[in-house]
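# Commentary on secondary and tertiary structure
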Amino acid sequence: MALALYLCVIAVSCLYALYDWRRAWLLVVVCGVLQDPVRKLTPGSPVAISFLVVGVYAVILFSARMELIAHAREFARRFPNLYTAITVFLVVLLLSAFNGLITYGFDKWKVPLVSFVTYLAPLIAILLGYAWLQREEMLFRFFRLYGIVTSIALIGSVLEYLR
């Protein structure tokens, strides 16, 4: 039951992200907090439930793609040295991924891919944050919501400790 409701929340969040990707970040926080109790309430506690929120991230990236491209161009124009450093970093990262493929074999392609995504994710997050922020009060509102929601969620850790 909890899983079915959570899947509905994920689906609604994805649909809303297509409409307004900036406010969908608030739903990402909610989905991220809900995933742990839902996983624990689901028989077998499947780890895959923890990754369902990635679908909302993907829809946000899809929805924001045109703005991200425009902001990437603006970022490159405003910060040319940083843009050059990021480009060099990406080239080295690709070389490292190919080195991992050659070193460990093509049958272990998942390891270099996970490493590549792990290093690439913060760069995408920086660009997304650069495009997301329109006014400073948006950031404060987001941090306030994040603090409230995660504080409530942390009560579960104490209760779990007390059994």
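Everything here concerns the structure above.
Anyway, here's the lowdown on the structure attached to this text. These numbers come from a predicted model, not from an experiment.

## Some words on the pattern of salt bridges
In this structure the tally under the stated criterion is 6 salt bridges. Among the salt bridges present, the one from Asp-36 reaches Arg-39, with a minimum N-O distance of 3.0 Å. Taken together, the residues Asp-36 and Arg-39, both in helix H2 (residues 21-41) and 3 residues apart, mark about one turn of the helix. The class for Arg-39 is buried, based on a relative accessible area of 19%. A single network of salt bridges, built from pairs that share partners, joins Asp-36, Arg-39 and Lys-40.

## A short note on the packing of H2 against helix H6 (residues 110-132)
Any two packed helices are characterised by the angle at which their axes cross and by the distance between the axes. Contact pair H2 / H6: the axes reach a minimum separation of 10 Å and the direction vectors enclose 120°. Comparing their axes, H6 and H2 come out oblique. For the pair H2 and H6, the crossing hand works out as left-handed. In this structure, H2 contributes Trp-21, Arg-22 and Trp-25 to the contact, and H6 contributes Leu-128, Ala-131 and Trp-132. Among the residues forming the contact of H2 with H6, the class breakdown is 5 nonpolar, no polar and 1 charged.

## Focus: the packing of aromatic side chains
Counting across every chain of the model gives 3 aromatic pairs. Here Phe-75 and Phe-79 contribute two aromatic rings whose centre-to-centre distance is 5.0 Å and whose plane-to-plane angle is 50°, an arrangement assigned as tilted. Since its relative accessible area comes to 11%, Phe-75 is described here as buried. The ring of Phe-62 has Arg-65 lying over it, and the distance from NZ or CZ to the ring centre is 4.1 Å.

## Concerning the nonpolar core
Core analysis: the largest hydrophobic core is formed by 25 residues, its most contacted members being Tyr-6, Trp-21, Trp-25, Ile-60 and Leu-128. Contributions of two or more residues to this core are made by helix H1 (2-19), H2, helix H3 (53-63), H6 and helix H7 (136-162).

## Let's talk about unusual backbone geometry
For Ser-45, which is not glycine, the phi torsion reads 45° and is therefore positive. Relative to the helices and strands, Ser-45 is located in the loop between H2 and H3. Since its relative accessible area comes to 28%, Ser-45 is described here as partly exposed.

## Observations regarding a nonpolar patch on the surface
A grouping of Val-47, Phe-51, Val-54 and Tyr-57 is seen on the molecular surface, where their side chains present a nonpolar patch of about 390 Å² in accessible area. Among the secondary structure elements, Val-54 is positioned in helix H3.

Rules used throughout
- All residue numbers refer to positions counted from 1 along the written sequence of the respective chain.
- Given that this is a predicted model, residues contribute local features only at a pLDDT of at least 70 and side-chain atom pairs are listed and counted only at 80 or more, while totals for whole chains, interfaces and linings are drawn from all residues.
- The basis for the side-chain values is all heavy atoms of the structure; hydrogens and waters are excluded.
- By salt bridge we mean one thing: a side-chain nitrogen of Lys or Arg within 4 Å of a carboxyl oxygen of Asp or Glu.
- Secondary structure elements are defined from DSSP: runs of H or I of at least 4 residues count as helices, runs of E of at least 2 residues count as strands, and each element is numbered from the N terminus.
- Three labels apply to residues, based on accessible area from a 1.4 Å probe with only protein chains included: buried if under 20% of the type maximum, exposed if over 50%, partly exposed otherwise in between.
- Working convention: axes come from line fits to C-alpha atoms, limited for helices to the stretch in contact. Angles between N-to-C directions cover 0 to 180 degrees.
- Roughly parallel means an angle under 35 degrees; roughly antiparallel, over 145; roughly perpendicular, 65 to 115; everything else is oblique.
- Helix crossings are classified by the rotation of the near helix relative to the far one: an anticlockwise turn of less than a right angle makes the crossing left-handed, while a clockwise turn makes it right-handed.
- We call two residues contacting when some pair of their heavy atoms lies within 4.5 Å.
- Under this grouping Gly is polar, as are all residues other than the nonpolar Ala, Val, Leu, Ile, Met, Phe, Trp, Tyr, Cys and Pro and the charged Asp, Glu, Lys and Arg.
- Any two rings among Phe, Tyr and Trp, with Trp reduced to its six-membered ring, count as a pair given centres within 6.5 Å; such a pair is stacked if its planes are under 30 degrees apart, edge-to-face if over 60, and tilted if neither.
- Only when the NZ of Lys or the CZ of Arg is both within 6 Å of the ring centre and within 35 degrees of the ring normal is a charge said to sit over the ring.
- What we call a nonpolar core is a set of buried Ala, Val, Leu, Ile, Met, Phe, Trp, Tyr and Cys residues that are connected through their side-chain atoms within 4.5 Å.
- Patch construction takes residues with relative accessible area above 30% that form no salt bridge. Like charges are linked within 9 Å, and nonpolar side chains (Val, Leu, Ile, Met, Phe, Trp, Tyr) are linked within 5 Å.
- Areas reported as accessible are Shrake-Rupley estimates using a 1.4 Å probe. Residue values count occlusion only from the protein chains shown.

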